[in-house]
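What the coordinates show
Now for the letters of each chain:
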Amino acid sequence: MSRVKIKIDGREIEAEDWMTIMQAAQSAGIEIPHFCYHPALKVVATCRLCVVKIEGVPKLQTSCSTKVSDGMVVWTDTEEVRRARADALEFLLINHPLDCPQCEKAGECTLQDYVFKYGKPQSRFKEKKRDFGKRDISSKIKIRPNRCVLCTRCVRYAQDLLKTGGLCVVERGGKANITVYPENGFEGDYTLNVTTLCPVGALIAKDWAYRARPVYLKVAGSVCPLCSMGCNVFLDLKGIEPVRVRPRKNLKVNYYWLCDYGYLSYKSFALSEREIHALERKNFSLVRGIQEKVIQNLCDFIKNHSKEIGVCVSPFLTNEEIIAIKEFGSSMGINSFYFIPPEYVKEHENAWLLKAEKAPNMNGLRKILPSAKEISSAEEKIIAIFGWIMKDTSIPSRVEKIILVSNRIPENLKEKVEFFIPEAGWAEKFGSWTNFEGRVQWLTNAIEPVGESVRIIDFILFLSKALKVSLKFSSTEDLVKMVKEYFPEAEVEREIRDPVRKIGVR
Ligand code: SF4
Ligand code: SF4
Ligand code: FES
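To start, this report covers the structure provided alongside it. Quick caveat, the model's predicted, so the values are computed rather than measured.

Check the secondary structure of the protein and you find 11 helices and 24 strands. In terms of overall dimensions, the protein has a C-alpha envelope of 85 × 50 × 40 Å along the principal axes. The long-range fraction of contacts in the protein, counting pairs at least 24 apart against all pairs at least 6 apart in sequence, stands at 63%. Counting every atom, the protein has about 23,500 Å² of accessible surface; 52% of that belongs to carbon and sulfur. Here the protein carries 76 positive and 64 negative side-chain charges, and the mean point of each set is 4 Å from the other.

Structural data, given as structure tokens:
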């Protein structure tokens, strides 16, 4: 391997000799439009959108399949290149329905962007457009073949990465279209990746169809909460409601992909699944109270029972939250820490992305609270449980009262809950999770806590003041520094803390 010097649009660029012109241009921040090229898939060079002019070569060349060589001079924006691109786009639009106003992809569609930027202002096509109708290709995905630009990304993903096949191009010329093998279909744990690979609105996750217009969404960088893999994700929010999860590229973790559970993970954190009001037990029933009053009553309760309380943490808490709870508990003289064991799915032990342990931060919890025992061994009569809790979480019958700081109250625990403080959701807090291989990854607080929910760190700081307990930290920033003491290799990814963006503004 050696470095070569090339010029693109007059800029001198150094590139590796194995790179294509497309890769060299992208590494220098120069955009070359493309449909069929994807860094994780085999090169097929079929869409012809990425053509460039190379000095000394008579015809335009596809930049996705042409390797760089020392001294090469490339132009990406000559009159000849612009005309070739516009012609390629005009061909694609001949049969494209141009139904952007009702297309799920409008606002984040590559074809829409390219036609706007590089296309011709008017169509010359007067004939009747071909019509393939609409159909489903699986239980989770529908196809609108009229919108397809035949980039074959979906086919190559199924064949080369999944190795299951399932998708193929049938027919030729103007009749060519994507279909599913009738004998094995397109089902599995990793099928929804084709919906984010598809550059247009041809492959659509049924779950996403017509949920929201992309231009109205806010997007935050985050991490999938459903297993210890810790795939990096974009979490899309419509107002305060998480409505979609998409893969966020991380070549050290999940590359460009998620499993199908990850795509649907936002559902577990939907507002309809959460209790967002502070509750306390009065006259044998759990009733809604004024948040400050409930917390004040809780402080009095803790003062009166501090020697009888055990503390239990969920593996869905962030490292910062676990450290805060540990510090607070220790300052209160509480030394019994427990954890809620995550679900373990044996079939996922050797899966591609999916990990068997179904929680994002069991690794962080083990490191910060190595002596914590499973909740089933709790001996105290009162347990304070912090963090997201599974619907079927059970606790020993000897526990009589529960202080629950969480998103929901499982039915089987309801009659023991003395106080319920709603916890800020996945998109409402900043912090880190440590994945199965010890990588510390960060979540963004995209929105303020919803309803009466509180961030656990703020809640602990409030309790410590009210109970006159001194702590070693006074902010999340202090806790981030303490995380680095537990995980010295951890790097705080500053970019994740950038203000939340809108998808439509790209
Ligand atoms: S369905 Fe989408 S990804 Fe598949 S070939 Fe058509 S445009 Fe490409
Ligand atoms: S593999 Fe695990 S972390 Fe990755 S998307 Fe799926 S459930 Fe989430
Ligand atoms: S991206 Fe190069 S031909 Fe399609």
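The discussion continues.
This structure, assessed with the given rule, holds 29 salt bridges. Between R3 and E16 there is a salt bridge; the shortest N-O distance is 2.8 Å. Of this pair, R3 sits in strand β1 (residues 3-8) while E16 sits in strand β2 (residues 11-16), and the two are 13 residues apart along the sequence. Each member of the salt-bridge network shares a partner with another, and the members are D87, E90, K120 and R124.

Backbone geometry places K163, a non-glycine residue, at a positive phi of 65 degrees. As for its placement among the helices and strands, K163 is situated in the loop between α4 (153-161) and β8 (167-170). The class for K163 is exposed, based on a relative accessible area of 66%. Even without a glycine there, the phi angle at F284 is positive, about 70 degrees. Position of F284 relative to the elements: it lies in the loop between β14 (279-282) and β15 (285-288).

Another point: the packing of aromatic side chains. This model, assessed by the stated rule, comprises 10 aromatic pairs. Aromatic rings pair up to connect F269, F316, W388 and W426 into one cluster. Sitting over the ring of W208, R244 keeps its end group 4.0 Å from the ring centre. The side chain of K355 reaches across the aromatic face of F436, ending 4.6 Å from its centre.

Reading guide: rules and limits
- Position labels on residues start from 1 in each chain and follow its written sequence.
- Ligands are numbered from 1 and chains lettered from A, in the order in which they are written.
- Only residues with pLDDT of at least 70 get local features here, since the model is predicted, and only at 80 or more are side-chain atom pairs given and counted; chain-wide, interface and lining totals rely on the full set of residues.
- Water and hydrogen atoms were dropped before computing side-chain values, which therefore reflect all heavy atoms in the structure.
- In DSSP terms, a helix is any run of H or I states spanning at least four residues, a strand is any run of E spanning at least two, and both are numbered starting from the N terminus.
- The contact criterion used is simple: two residues touch if any of their non-hydrogen atoms lie within 4.5 Å.
- For every accessible area listed, the method is Shrake-Rupley and the probe measures 1.4 Å; residues are considered covered only by the protein chains on display.
- Counting rule applied: Lys, Arg positive; Asp, Glu negative; His and chain ends not counted.
- To locate a charge, take atom NZ for lysine, CZ for arginine, CG for aspartate or CD for glutamate.
- Just to be clear on terms, a salt bridge is a Lys or Arg side-chain nitrogen sitting within 4 Å of an Asp or Glu carboxyl oxygen.
- For every residue, the accessible area (1.4 Å probe, protein chains only) is compared with the maximum for its type, and the residue is labelled buried under 20%, exposed over 50%, or partly exposed between those bounds.
- Any Phe, Tyr or Trp ring, taking Trp's six-membered ring, that has another such ring centre within 6.5 Å forms a pair; planes under 30 degrees apart are called stacked, those over 60 apart edge-to-face, and the others tilted.
- Charge-over-ring placement is defined geometrically: NZ (Lys) or CZ (Arg) within 6 Å of the ring centre, and within 35 degrees of the ring normal.

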